[in-house]
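# Inside the fold
Here is how the chains run, residue by residue.
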Amino acid sequence: MSPQKHTMTRECIFTALQILMKQKPYEEITITDIAKKAGVSRMSYYRMYKSKDDILIQYFNDIFEKCLEQMKDCGIDNRRQFAILVFETIREHHQLIEGVFRAKLYELVLGCLIQYCTYLAEHILHENIEDAQIGYWIYAEAGRLGLLIFRWLEQGMPQSPEKMAELLMKDLF
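This structure is a prediction, so every number in the text was calculated from the model and none was measured.

### Some details on the packing of aromatic side chains
Going through the model one piece at a time under the given rule, you end up with 9 aromatic pairs. Where phenylalanine 101 meets tyrosine 106, the ring centres are 5.7 Å apart and the plane angle is 40°; that geometry is what we call tilted. Among the aromatic residues, those joined into a cluster by ring pairs are Tyr45, Tyr46 and Tyr49. Sitting over the ring of tyrosine 26, lysine 52 keeps its end group 4.5 Å from the ring centre.

Set out below in structure tokens:
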């Protein structure tokens, strides 16, 4: 399969899953449903993915890669700028992330946020990620960010990404 056809097939499968997630609960969506909606065979589907979770994981990884490229291109070098970019990305892809939350697939979002926070710790804050305390910080920050994102989406995203970054940075006690 040519790279263009591979990319197009992936997009069709992802779009089909998004449409189906709006129509019925995630756990009721079958691989056959996705393949039919995407207009591909089950064999084509299984050449690219092992499960429907893999579709979402791949898409999150693509978003993460684009976000990292943006960070590097823009010279993001502090936690606040990093947080603003994350919230801008969430706003841009909010329909997908809302669908993932509706499907109760929090661990997919949390897994990506752990990757984000690991990048933040290592490349922006210049911390040793092998240090156990930093490892705990990464998970705590990812959890805090995930819950803040969840609440923001629940409220209809009324605050700007900049305001959300301020809230993330703020310690109340």
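Read on for the rest.
### Comments concerning the nonpolar core
As a rule of thumb, nonpolar side chains are buried together in soluble globular proteins. Counting 59 residues, the largest nonpolar core has Ile34, Leu56, Met71, Phe82 and Ile149 as the members making the most contacts within it. Here the element with the most residues in this core is helix α7 (residues 106–124); it accounts for 11 residues. Not counting the four nearest positions on each side in its chain, isoleucine 34 is found in contact with Ile13, Ala16, Leu17, Leu20, Ile29, Tyr45, Lys52 and Ile55.

### Some words on the state of the cysteines
Scanning all chains against the criterion turns up 0 disulfides. In this structure cysteine 112 is not part of a disulfide, and its nearest cysteine sulfur, from cysteine 67, lies 10 Å away. Since its relative accessible area comes to 8%, cysteine 112 is described here as buried.

What counts, and where the lines are drawn
Positions within a chain are numbered from 1, following the residues in the order the chain's sequence is written. Thresholds applied to this predicted model are a pLDDT of at least 70 for local features of residues and 80 or more for the giving and counting of side-chain atom pairs; totals over whole chains, interfaces and linings are not thresholded and use all residues. Derived side-chain values reflect all non-hydrogen atoms in the structure, with water molecules and hydrogen atoms excluded from consideration. Here the aromatic set is Phe, Tyr and Trp, taking the six-membered ring for Trp, and pairing holds for ring centres within 6.5 Å; pairs whose planes are under 30 degrees apart are stacked, those over 60 apart are edge-to-face, and all others are tilted. When the NZ atom of lysine or the CZ atom of arginine is within 6 Å of a ring's centre and also within 35 degrees of its normal, the charge is said to sit over that ring. Throughout, nonpolar core names a set of buried Ala, Val, Leu, Ile, Met, Phe, Trp, Tyr and Cys residues whose side chains join them through atoms within 4.5 Å. Working definition: with a 1.4 Å probe on protein chains only, accessible area under 20% of the residue-type maximum means buried, over 50% means exposed, and in between means partly exposed. Here a helix means four or more residues in a row that DSSP labels H or I, a strand means two or more in a row labelled E, and each is numbered from the N terminus. Only heavy atoms enter the contact rule, under which two residues are in contact if any of them lie within 4.5 Å. Counting rule for disulfides: a pair of cysteine sulfur atoms within 2.5 Å.

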